There are 2 protein chains.
Amino acid sequence: MADLSHRQAKAKIKIVGKDGKPLSNTKITVNQTKHEFLFGCGAFEALPYTNGPAVHNGNGSITTSSKLAGYEDRSIMEDRMQKWLNLFNYGTLPFYWGGFEPEEGQPHTQQLMAAAQFLKSKGVTIKGHPLCWHTGCVPWLMNYDNKTILQKQLQRIEREVSQFKDLIDMWDVINEVVIMPIYDKYDNAITRICKELGRVGLVRKVFDQAYKSNPDGTFLINDFNLSTSYEILIDGCLNSGAQINTIGLQSHQHQGVWGKEKQDEILSRYEHFGLPIHFTENTIVAGPLVAPEITDLQDAHYEDDAATPELEEKQADDLEQMYRNLFENHPLVTAITNWDFGDGAWLNAPSGLIRKDHTLKPAYHRLHKLIKEEWHTRLDCTTDANGLIEVQGFKGTYEVLRQGEAAGTSSAPAATFVLKAGGEDEIIEVNL
Amino acid sequence: MADLSHRQAKAKIKIVGKDGKPLSNTKITVNQTKHEFLFGCGAFEALPYTNGPAVHNGNGSITTSSKLAGYEDRSIMEDRMQKWLNLFNYGTLPFYWGGFEPEEGQPHTQQLMAAAQFLKSKGVTIKGHPLCWHTGCVPWLMNYDNKTILQKQLQRIEREVSQFKDLIDMWDVINEVVIMPIYDKYDNAITRICKELGRVGLVRKVFDQAYKSNPDGTFLINDFNLSTSYEILIDGCLNSGAQINTIGLQSHQHQGVWGKEKQDEILSRYEHFGLPIHFTENTIVAGPLVAPEITDLQDAHYEDDAATPELEEKQADDLEQMYRNLFENHPLVTAITNWDFGDGAWLNAPSGLIRKDHTLKPAYHRLHKLIKEEWHTRLDCTTDANGLIEVQGFKGTYEVLRQGEAAGTSSAPAATFVLKAGGEDEIIEVNL
């Protein structure tokens, strides 16, 4: 049995009745309702869910999804969203500049706001992705000189981070910087300014702006290139004062499943910074691998019928191994995002947890078992003479119920507490 | 004909006679005696030349040379040294810590001082190589904890840079940082501290120390890994305030001659920093290539008889192409060091300009033709009524002679001037 003490905490809870007196010798149940660990997923479907099918399309991911049969059927959308919410506490929303503001000065802020408000109302932590990236950028930006491009990039960061503050306080500030100044598929405004300022110079500027716009934000640098170059880039950025507070690692495994050895090797080159690490874009495909000679996954495309029951089972096995290793053995990893919720999104790959016919795949059930059963805490206990109970469980938010009372049946607001590190010696008072 | 204006300068020279009056209408010759461009070579042989055969051995390079037949014969040593001095204005001396201070507190300072004084007396610019490197480091350093290792490393920099000031003002401060913290061939003190401080943190510290010890010094970072990682490392170091003022690129071409395309591609990733670039360790071998599966050249070894006349001719061709491209097309390149003067030094490779039997190879003659003929300026001219002449030529130091007078024949100190950028509007007075 793995040692999971780094994922757990202890607390003393004092249960107080409506009369303000401790509830002594009372049988109660404490039930975890949310993990501190961010079990996430792409939440792109929250956009059509809240705005209707004609929505902002950042980078292709929605377009394909919205072509799924029955996607305009409200009951199907409700069902898919409920399945999403039943598993995840954390979602990534698309802010690709190209889709967000195709015409200068006409950003789709309201659409994103609606999706974010919906997710937040369901207790979901949200990350915006990304604020600065050469791919999927707006063509109109190329009409300006480099000084103006930079200015508009920083204004864009200021606008989004400020307007979404309290709704979205977590951002992939800059994406794929290792390749950014040498990206040569097509001319774009961001490659131009990265070439002029240098990687570290640009990183510092975009993080400075993000931090200024929301001093309490969680700000990630994010990359798919996990070579020595990325490690050295982060080293240089941190040493030059860039306010990166979280390291983002992409793990699209379309060309081969990593396995434990590669997971550990990669992490050993990022854990030494001592910062939280997020697996920001994880993909394990229930389908054949993309050929190794394809260097840019954007050039890959899957057939619709690539998945088989055996491949779906393997996807579930591989996902379980990865989640287990990261959650159990790497305390600095604090988030994993499964990139595609549904099959047939990015690259039309069978990389989701739910099929195109809206049925759940083995991978969904496997993650649900880990997150909602094995790593989930529910305790039945009896308060002592002073109304106290001692709780040890996975970090996160808990509801307190009288035994026999089902969750959500009381008309009163739920009695809750948060179990987190360092709270052992305090007594948390909960009014039941 | 290549445009070499970036290597040239103009000046007005006023020739003044012994009586203090301008020498009008006088036929004189202006002859370049030294290039501003640093045409360099490993000057390891200056150590046995000045100290006798039993000398400090940094990293194997001397050991092998000193085994050459006849190497103890003074006349052979004189002949080899004269050939060295006839071609180069710049030499690298070995300061590998392992050879320089095998017993703590007993550095071979005097041996290096003798070699440096000799080279300086011949007008040679000297660079010390290297001050911080994981390879060839001293074993006794591993007896200390990391804090003490760092302290001793910085003290070592302070000691060498201060003691050799005015004799050696140019240093490879740190060598091969990209691989430094992940170097796993054997445990060593420098990898330990690089792991703890991070690459950028260590670079900043060693450069801070070097700069403090000699604020006017030329301080290089140097690497054989010329991938994106090194570019990002330099970017991070400069952005975090590391006082690197020159970029060092190694170009050991034992596994394939680069050619123009690769030279240009590599330079495009370093020229954008705007700093001077030195080719610090250039090797083109008159012998078969080292197999591509050998990742560390230290594992390679050449047979004595590997060279042939055809291979020697090809070495000369390839060297000429490279020197020509760097000198003609890349203004930021201000130095090229041919690593091995003699065949049979590092790796026993036929990579020198002079054979083991002390005869000159085609590569020597080819470089001599470029440096001392094609890129050399000698002008016959007549002063005007005011004793003025206008000179345009390759940047560097010049002697002024009355026509017909051979160089060095006058008992008076030579009349000289320096031709450099930005001096066009001044008048340089030369007393003849």
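Check the entry above for the structure.
These numbers come from a predicted model, not from an experiment. (Residues numbered from 1 in each chain as written. Chains lettered and ligands numbered in written order. Predicted model: local features only at pLDDT ≥ 70, side-chain atom pairs only at ≥ 80, totals over all residues. Heavy atoms only, no water.)

**Quick look at the overall build of chain A**
Part 1: If you tally the helices and strands in chain A, you get twelve helices and 15 strands.
Part 2: Its C-alpha radius of gyration of 23 Å places chain A within 12% of the 22 Å reference for a compact globule of 432 residues.
Part 3: Considered along the principal axes of its C-alpha atoms, chain A spans approximately 70 × 50 × 45 Å.
Part 4: For chain A, the proportion of its 432 residues judged to be buried stands at 56%.
Part 5: A sequence separation of at least 24 residues applies to 79% of the contacts in chain A between residues at least 6 apart.
Part 6: Element-wise, carbon and sulfur atoms account for 49% of the exposed surface of chain A, whose accessible area totals about 17,600 Å².
Part 7: Positive and negative side-chain charges of chain A, numbering 42 and 58 respectively, have mean locations separated by a distance of 5 Å. (Helix = DSSP H or I, 4+ residues; strand = E, 2+ residues; numbered from the N terminus. Rg over C-alpha atoms; globule rule 2.2 N^0.38 Å. Buried < 20%, exposed > 50% of the residue type's maximum accessible area, 1.4 Å probe, protein only. Contact = heavy atoms within 4.5 Å. Areas by Shrake-Rupley, 256 points an atom, 1.4 Å probe, with all protein chains shown as cover. Lys, Arg positive; Asp, Glu negative; His and termini not counted. Charge placed at Lys NZ, Arg CZ, Asp CG, Glu CD.)

**What to know about the interface of chain B and chain A**
Part 1: Each partner contributes residues to the interface: chain B has 16 residues there, and chain A has 16 residues.
Part 2: Both sides of the chain B and chain A interface together cover about 1,400 Å² of buried area, and 55% of this is carbon and sulfur.
Part 3: Counting the surface chain B buries against chain A, the share from its top three residues, R199, I232 and N239 of chain B, is 38%.
Part 4: One can count two salt bridges joining chain B with chain A.
Part 5: With its nearest N and O atoms 3.5 Å apart, the salt bridge here joins E231 of chain A to R199 of chain B.
Part 6: Summed over the shared surface of chain B and chain A, the number is eight residue pairs in polar contact (both at pLDDT 80 or more). (Buried area = accessible area lost by both parts, 1.4 Å probe. Salt bridge = Lys/Arg side-chain N within 4 Å of Asp/Glu carboxyl O. Polar contact = N/O pair within 3.5 Å; in protein donor to acceptor, adjacent residues only side chain to side chain.)

**Concerning helix α6 (residues 146-163) of chain B**
Counting along an α-helix, one turn takes 3.6 residues, and residues three or four places apart therefore face a common direction.
Residue and element names in this part refer to chain B.
Part 1: The end-to-end C-alpha distance of α6 is 26 Å, a good match for the 26 Å that 18 residues give at a rise of 1.5 Å each.
Part 2: Taken together, the buried positions of α6 are occupied by I149, L150, K152, Q153, L154, R156, I157, E160 and V161.
Part 3: Packed against the buried residues of α6 are α4 (97-100), β6 (170-175), α7 (189-197), α8 (199-213) and β7 (218-223). (Expected span 1.5 Å × (residues − 1).)

**Describing the packing of helix α9 (residues 228-239) of chain A against α8 of chain B**
Part 1: The interhelical angle for the contact between α9 of chain A and α8 of chain B, taken along N-to-C directions, is 55°, at an axis separation of 8 Å. The angle between α9 of chain A and α8 of chain B places the two elements in the oblique class. In contact with T228, E231, I232, D235, G236 and N239 of chain A of α9 of chain A, α8 of chain B contributes R199, V200, G201 and R204 of chain B.
Part 2: Its residues assigned to classes, the contact of α9 of chain A with α8 of chain B shows two nonpolar, four polar and four charged. (Axes fitted to C-alpha atoms, helices over the stretch in contact; angles between N-to-C directions. Parallel < 35°, antiparallel > 145°, perpendicular 65-115°, else oblique. Nonpolar A, V, L, I, M, F, W, Y, C, P; charged D, E, K, R; others polar.)

**With respect to the sheet that holds strand β12 (residues 388-394) of chain A**
Residue and element names in this part refer to chain A.
Part 1: Read from one edge to the other, the open sheet built from three strands follows the order β12-β1-β15, with strand pairing classed as mixed. Lying at the two open borders of the sheet, with one neighbouring strand each, are β12 and β15 (427-431). Neighbour-to-neighbour, the strand axes of this sheet turn through a mean angle of 40°, independent of strand direction. (Pairing = 2+ DSSP bridges.)

**As for the relation of the copies chain B and chain A**
Part 1: If you rotate chain B by 179° and push it 0.1 Å along the axis, it lands on chain A with an RMSD of 0.1 Å. The transformation relating the two chain copies, once decomposed into turn and shift, fits a two-fold axis.
Part 2: Mapped onto chain A, 100% of the interface residues of chain B again fall at the interface, so both copies present the same surface. (Least-squares fit on C-alpha atoms with pLDDT ≥ 70 in both.)

**Observations regarding the environment of L112 of chain B**
Part 1: Along the chain, L112 of chain B turns up in helix α5 (residues 109-121).
Part 2: Measuring from C-alpha to C-alpha, the distance between L112 of chain B and T50 of chain B comes to 9.1 Å, with 62 residues separating the pair along the chain.

**Thoughts on helix α11 (residues 309-329) of chain A**
Part 1: Taking 1.5 Å of rise per residue, the 21 residues of α11 of chain A would be expected to cover 30 Å, and the 30 Å separating its terminal C-alpha atoms lies within 8% of that figure.
Part 2: Buried within α11 of chain A are the following residues: E312, Q315, A316, D318, L319, E320, M322, Y323, N325, L326, F327 and E328 of chain A.

**Examining the pairing of strand β5 (residues 125-129) of chain A**
Residues and elements named next belong to chain A.
Part 1: Among the five residues in β5, four count as buried, and that is most of the element.
Part 2: Across five bridges, the pairing between strand β4 (residues 90-94) and β5 is parallel. In the sheet register, G91 faces β5, and the bridge partner there is I126.
Part 3: Of the strand pairs in this sheet, β5 and strand β6 (residues 170-175) are connected by two bridges, and their pairing is parallel. For K127, the partnering residue across the bridge sits in β6 and is M170.
Part 4: Regarding topology, helix α6 (residues 146-163) serves as the crossover connection from β5 to the parallel β6, and that connection is right-handed. (Right-handed = clockwise from strand over helix to strand, strands pointing away.)

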